[in-house]
Amino acid sequence: MRNKLKAGSVLLVTLLLFAVGTHIYSNENMWFQGMVYLALAQGINILYGFTGYLPFGYVGFFGTGAYAASLYMTDFHTQPIVAILGGGATALIVGLLLSPLLRLSGAYFSIGSLAASQMIYYTVSNPALQAVTNGPYGMNLEAFYNPTASYAVMLVILALTLFTTAYLRYSRTGLALRATREDAVSAAMAGIPVVRMRIMAWLLSALIAGLVGGTFAWHISVFYPNTVFDLNVSIFAIVFTLFGGGASLLGPIIGMFVLYGLYNWIGISAPQYFQLIYGVLIVMLVLFLPNGIMSLFRKKGYDVP
Amino acid sequence: MSPDYVLSVVDVTKTFGSFTALQGMSFHVKKGEILGLVGPNGSGKTTCMNVISGSYRADRGSLHFMGKNIQRTPASKLSHMGMNRTFQIPRPFKGLTVRENLQIAATFVRREAMGLEEIASFIGLEDSLDKESGMLNSTQQKLLDLGRALATGPTLLLVDELGAGMNPHELDITIERLQRLAKQGISMIVVEHLMSFVRQLTERVIVMNAGKEIFEGTLDDAVRNEEVVRVYLGGGTP
């Protein structure tokens, strides 16, 4: 009960902040991207935090969702929301096709997923496919442009994502996923269907990235392949999660607010200082706090949601 | 096949590339029996445990547990059927607490088993329930493996070198605990190097060498057996 209360209040405060944020600070784009990164960070959290599989190529699902949703809108004239759901479904199918990657582990999996995302990127941006994907010239959704509606949809997707993470944080499913992360053999002996659980987490994170990608495409309405397949998207989401701490609801949220805040504060005006601070921060983190900020509180005995 | 057998292993062979780790192993375990599995290092004891518990798949032969063919049954299913094990090198969920370790097994395998508190005091970790299991010493981690296995309410327990690294006092307690489990009707296969441990626990042992069974009987007869002595103490090849 206390757990539900804690998780619920974290959820509520975060969502409220994004709901009214534009009235506090009018840069809507910043708030929107914050939601995008937070949802992606939670997607990484579901896979990496709970199962230990770190997908460097996570952006592949994001790009897939963005392109699929855009194509459903432009070529099939579907409603943006239906197109976004289609983008999520497409990312899910791509995830299913790529699920054999989970046979790999550790760095091999990370590199494998990175290669897979590059494959998708080079396929989509290939000039030979210009008739279908418009190749390197990107997509134009100006006819569907609606910043208010897309902002609201993103808020809903973020809410669902946060809710999913909160569920995993406190449910036996989440506990089982963490067990497979710690030791797959023991997990099997404890009666956990290890492979099925991992694939479930993988598909869930793919679905989230697909939905977020679709909404992102709708919101910015004009983009190029290297916008939505930009590796920095993966890296940002991963660093936010690592900074805060995986397998928790609050970790990626803290990571996003601190680091994305830092990025917006000095990253654009003084990029050289930002990159210096960022680099130092990551090195310090890996050296001294590999389980993120949240592990500090956990060590002190606080049960972090 | 007698219905009294909890486990029967018939002509099981397992190879890794060109190396034959198990060569036509056959034996059975009766209900409530503690069977000892001994042999020099590399004789295939742990491989045998891994094949039975579903970590490896046998290349040839048959395995039946409670009358059911388990040759292709994955480990996660076996635990639901009532088989569980401990590991030579302990494998707790290190980042999780002792309580969570036990909880996972108890919630995922819904068989009749001891309660969590009961298990915790049985393995002597009742005061460490909220401790991260990675912080326990290796004996405690081994006992936690045992506790996690017990939380699944097993009918057959594979105990892989539980005694290694324990001091004499801990060994005595462990022997007493395993005997109590056997009295409750849990069958066991005990792999062990410590002969005193095996002697106190088992009536029947199987001695293995190079993937084959070379002796079956009581431990006292085993130490009088020429081949067993030769395998353990060395000597010319026959």
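These numbers were taken from a predicted model, which means no experiment stands behind them. (Residues numbered from 1 in each chain as written. Chains lettered and ligands numbered in written order. Predicted model: local features only at pLDDT ≥ 70, side-chain atom pairs only at ≥ 80, totals over all residues.)

Another aspect to go through is the overall build of chain B. A tally of helices and strands in chain B yields nine helices and 10 strands. Within chain B, the fraction of its 238 residues that count as buried is 47%. Long-range contacts, defined here as pairs at least 24 residues apart, represent 66% of the contacts in chain B between residues at least 6 apart. (Helix = DSSP H or I, 4+ residues; strand = E, 2+ residues; numbered from the N terminus. Buried ≥ 20, exposed ≤ 12 C-beta atoms within 10 Å, placed from the backbone. Contact = placed C-beta atoms within 7 Å.)

Moving on: the sheet that holds strand 3 (residues 34–38) of chain B. Residue and element names in this part refer to chain B. The strand order across the open sheet formed by six strands is 6-7-8-3-9-10, and the pairing between neighbours is mixed. This sheet does not close on itself; its edge strands, each paired only once, are strand 6 (83–85) and strand 10 (212–217). In this sheet, adjacent strand axes meet at a mean angle of 20 degrees when their direction is disregarded. As defined by bridge partners, strand 7 (residues 156–160) adjoins strand 8 (residues 187–191) across five bridges and the pair is classed as parallel. Paired with Leu156 across the strands is Ser187, a residue of strand 8. (Pairing = 2+ DSSP bridges. Axes fitted to C-alpha atoms, helices over the stretch in contact; angles between N-to-C directions.)

Let us now look at the packing of helix 7 (residues 147–170) of chain A against helix 10 (residues 194–220) of chain A. Residue and element names in this part refer to chain A. Two numbers describe how helix 7 lies on helix 10: the axes approach to 9 Å, and their chain directions differ by 165 degrees. Classified by the angle their axes make, helix 7 and helix 10 are roughly antiparallel. Helix 7 and helix 10 meet at a crossing whose hand is left-handed. The segment helix 7 lies against helix 10, with Pro147, Ser150, Tyr151, Val153, Met154, Ile157, Thr161 and Thr164 engaging Leu204, Ile208, Leu211, Val212, Thr215, Trp218 and His219. Among the residues forming the contact of helix 7 with helix 10, the class breakdown is 10 nonpolar, five polar and no charged. (Parallel < 35°, antiparallel > 145°, perpendicular 65-115°, else oblique. Left-handed = near helix turned anticlockwise from the far one by under 90°. Nonpolar A, V, L, I, M, F, W, Y, C, P; charged D, E, K, R; others polar.)

Before going further, it helps to examine the interface of chain B and chain A. Taken together, the contact between chain B and chain A spans 22 residues of the former and 16 residues of the latter. Of all elements in the fold, only helix 2 (75–81), strand 6 and helix 3 (98–108) of chain B reach the threshold of two or more residues within the side of chain B that touches chain A. Residue contributions to the side of chain B that touches chain A peak at five residues, all from helix 3 of chain B. In terms of residue class, the side of chain B that touches chain A is built from nine nonpolar, eight polar and five charged.

In an α-helix, one turn spans 3.6 residues, which is why side chains three or four residues apart end up on the same side. Residue and element names in this part refer to chain A. A rise of 1.5 Å per residue sets the reference length of helix 10, with its 27 residues, at 39 Å; its end C-alpha atoms lie 39 Å apart and thus fit the reference within 8%. Most of helix 10 sits out of view: 22 of its 27 residues are buried. Once helix 10 ends, the next one or two residues include Ser221, with phi positive near 65 degrees. (Expected span 1.5 Å × (residues − 1).)

Residues and elements named next belong to chain B. Each assigned domain of chain B is listed with its residue range as follows: domain 1 (1–82 + 155–174 + 186–238) and domain 2 (89–154). Taking only C-alpha atoms into account, the centre of domain 1 sits 24 Å from that of domain 2. On the side of domain 2, 10 residues touch domain 1, which itself brings 11 residues to the contact. Residue assignment for the side of domain 1 that touches domain 2 shows that the elements contributing at least two residues are helix 2 and strand 7. Residue classes in the side of domain 1 that touches domain 2 are distributed as five nonpolar, five polar and one charged. (Domains from an automatic or database assignment.)

What follows concerns the pairing of strand 2 (residues 19–30) of chain B. Residue and element names in this part refer to chain B. In this sheet, strand 2 lies alongside strand 1 (residues 5–16) in antiparallel orientation, the contact comprising eight bridges. Counted as the bridge partner of Thr15 is Thr20 from strand 2. Remark: two residues form the turn of the hairpin made by strand 1 and strand 2, two consecutive strands paired antiparallel; Gly17 in that turn has positive phi of roughly 60 degrees.

Let's shift gears to the sheet that holds strand 1 of chain B. All names here are of chain B. With respect to topology, four strands assemble into an open sheet ordered 2-1-4-5, the strand pairing being antiparallel. Each end of this open sheet is capped by a strand with a single partner; those strands are strand 2 and strand 5 (68–69). Note: strand 1 against strand 4 (residues 60–65), five bridges, orientation antiparallel. Looking at strand 4, one finds that Leu7 is bridged to Phe65.

This brings us to the environment of B:Thr152. Along the chain, the position of B:Thr152 falls in the loop between helix 5 (138–150) and strand 7. Residue class for B:Thr152 comes out buried when judged on the 25 C-beta atoms lying within 10 Å of it. Beyond its immediate stretch of four places on either side in the chain, B:Thr152 contacts A:Ala190, A:Gly191, B:Ser79, B:Asn84, B:Ala105, B:Val109, B:Arg111 and B:Ala113.

The subject of this paragraph is the UniProt feature "transmembrane region" (unreviewed entry) in chain A. All names here are of chain A. Taken from the UniProt record, the annotation "transmembrane region" (unreviewed entry) applies to residues 56–74, 80–99, 144–168, 199–221, 233–263 and 275–297. For residues 199–221, the helix share is 96%, the strand share is 0%, and the end-to-end C-alpha distance is 32 Å. Taken end to end, residues 275–297 has its terminal C-alpha atoms 27 Å apart, with 83% of it in helix and 0% in strand. (UniProt positions renumbered as here; feature names shortened; annotations may be inferred.)

The terminal C-alpha atoms of helix 14 (residues 271–288) of chain A, which comprises 18 residues, lie 25 Å apart, in line with the 26 Å expected from a rise of 1.5 Å per residue. Burial analysis of helix 14 of chain A places just zero of its 18 residues in the buried class, a small minority of the element.

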